[in-house]
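Take a look at the letters that make up each chain.
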Amino acid sequence: ALPTSIKLFEMAPRDGLQNEPGTLVPTATKIELIERLANAGIRHIEAASFVSPKWVPQMGDADEVMRGIQRQHGVVYSALTPNLKGLEGALEAGIEEVAVFGAASEAFSQKNINCSIAESLARFEPVLARAHEAGVRVRGYVSCVLGCPYEGYIAPEKVAEVAKALFEMGCYEISLGDTVGVGTPLAAKRMIEATRQQVPIEKLAAHFHDTYGMAIANLYAVMEEGVSVIDAATAGLGGCPYAKGASGNVATEDVLYLAEGLGIETGINLQAVIDTGYWITQQLGRKPSAKVALARGCS
Ligand code: HMG
Ligand code: MG
């Protein structure tokens, strides 16, 4: 059965901007984006990434972004922290939630975080311990859940195994990433069916990229399985620097329109998100890729 409400986890400031080619997006623009998203009613925003600036230059100002945002009561601003160095930076910036990111593909793990899956899990243990000691919640990502740019097919059982390891380690929620956006609905369903045997369904999030235009269909398929946490990026921004050809996350605008049509509660103002999508893409010199934004237009 479909969920009666969904939690939308906004990705535009992090997943959306991390791969932006060309000049660095100004810190002030990132801060304004985050504040506009919060004003639209979004309650979970991945705001930055405390990773190596040599690996991901666009996220090099994570500290300034986290310190610069005018935080709203009831909004959680989180960031990626792949190791203790990243976590310490995030804690100093006053973070309340972080995320570690692993993969269901060995090759992708090496390209993305320079270590094997097993090494990554061992590296996350002290990150979780330190975060929990500081009262900070930790989300866990599994990448390449519906395919890998280097390995191709990924078995659902492998996804379930890595998700289980992250959950048992103490991640409060496991976000399942179709990093390259190659999935189709039946494959997405099978992946959830395997993973829900290891991690309760209400602890699973869908993080789908829209490279092949399947993200909305895949989301509907996993929502029927009971998934109620959805990662999305306003304007459909984004891509992963270590997944060539991957396009943005499913657009927040499109997810909200889908939810509205299904009578599912989100608490988010669709038109305000559309306007924010037009504003940020104008800063970047293009148009939103969200179909709903193009259909409705800016107010
Ligand atoms: P490494 O080179 O193995 O790390 O990289 P190291 O520990 O050997 O350190 C090398 C250098 O990096 C040192 O500096 C460290 O201080 C520095 P040097 O002495 O050479 O000057 N360093 C750091 N600097 C800042 N912040 C840090 C940090 N850690 C080390 N946290 C590392 C390992 C994980 C750091 C690197 O591979 C990295 O930063 N990777 C980030 C990759 C990334 O951000 N990818 C995109 C996000 S994941 C994604 O998009 C998928 C997702 O959306 C889900 C989906 O779609 O599937 C989440
Ligand atoms: Mg992603």
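Just so it is clear, the model here is predicted, and its values are computed rather than measured. (Residues numbered from 1 in each chain as written. Chains lettered and ligands numbered in written order. Predicted model: local features only at pLDDT ≥ 70, side-chain atom pairs only at ≥ 80, totals over all residues.)

(A) How the structure looks around the overall build of the chain. Along its length, the chain carries twelve helices and eight strands. Relative to the compact-globule value of 19 Å for 299 residues, the chain shows a C-alpha radius of gyration of 17 Å, a close match. Along the first, second and third principal axes, the C-alpha set of the chain runs to 50 × 40 × 35 Å. Residue burial in the chain is summarised as follows: out of 299 residues, 54% are buried. For the chain, restricting intrachain contacts to residue pairs at least 6 apart in sequence, the fraction spanning at least 24 positions comes to 73%. (Helix = DSSP H or I, 4+ residues; strand = E, 2+ residues; numbered from the N terminus. Rg over C-alpha atoms; globule rule 2.2 N^0.38 Å. Buried ≥ 20, exposed ≤ 12 C-beta atoms within 10 Å, placed from the backbone. Contact = placed C-beta atoms within 7 Å.)

(B) Region of the structure containing helix α6 (residues 117–133). For α6, spanning 17 residues, the distance from its first C-alpha to its last is 25 Å, which sits close to the expected 24 Å at 1.5 Å a residue. For α6, every residue scored as buried is listed here: Ile117, Ser120, Phe124, Val127, Leu128 and Ala131. Where α6 is buried, its residues touch α4 (84–92), β4 (97–103), α5 (106–113), β5 (137–143) and α7 (156–169). Positive phi appears at Gly135, one or two residues downstream of α6, with a value of about 75°. (Expected span 1.5 Å × (residues − 1).)

(C) Here's a closer look at α4. Gly86, Leu87 and Ala90 are the residues of α4 that are buried. Summarising the axial view, the buried residues of α4 lie within an arc of 100°, below the 170-degree limit, and thus occupy one face. Structurally, α4 contributes buried residues whose contacts are with β3 (76–80), β4 and α6. (Arc of directions from axis to C-beta.)

(D) Region of interest: unusual backbone geometry. In the Ramachandran plot, Asn114 falls in the positive-phi region, its phi being about 65° despite a non-glycine side chain. By the secondary structure assignment, Asn114 is in the loop between α5 and α6. In this model, Ala235 sits at a positive phi of 70°, which is unusual for a non-glycine residue.

(E) Structural context of the environment of Val255. One can find Val255 in helix α10 (residues 252–261). Residue class for Val255 comes out buried when judged on the 29 C-beta atoms lying within 10 Å of it. Distance in space between the C-alpha atoms of Val255 and Thr266 is 9.9 Å, their sequence separation being eleven residues. In this structure Val255 touches Leu8, Leu219, Ile230, Ala232 and Val250, once residues within four positions along its chain are discounted.

(F) The site of ligand 1, seen in detail. In the neighbourhood of ligand 1, 25 residues make up the surrounding shell, with Val51, Gly86, Ser143, Gly177 and Thr179 lying closest. Of all the secondary structure elements, the ones that give two or more residues to the shell around ligand 1 are α4, α5 and β5. Its residues assigned to classes, the shell around ligand 1 shows twelve nonpolar, eleven polar and two charged. (Near = placed C-beta within 6 Å. Nonpolar A, V, L, I, M, F, W, Y, C, P; charged D, E, K, R; others polar.)

(G) Local environment of the confidence of the model for the chain. Per-residue pLDDT for the chain has a mean of 96; in total, 99% of the residues score no lower than 70. As a predicted assembly, this complex carries a pTM of 0.97 together with an ipTM value of 0.98. (pLDDT = per-residue confidence, 0-100.)

(H) Structural view of the pairing of β4. Here β4 lies mainly inside the structure; seven of its seven residues are buried. Burial along β4 is two-sided: Glu97, Ala99, Phe101 and Ala103 facing one way and Val98, Val100 and Gly102 facing the other are all buried. In this structure, β3 lies alongside β4, joined through three bridges in parallel fashion. What sits directly across from Leu80, in β4, is Ala99. Sheet analysis places β4 next to β5, joined by seven bridges and oriented parallel. (Pairing = 2+ DSSP bridges.)

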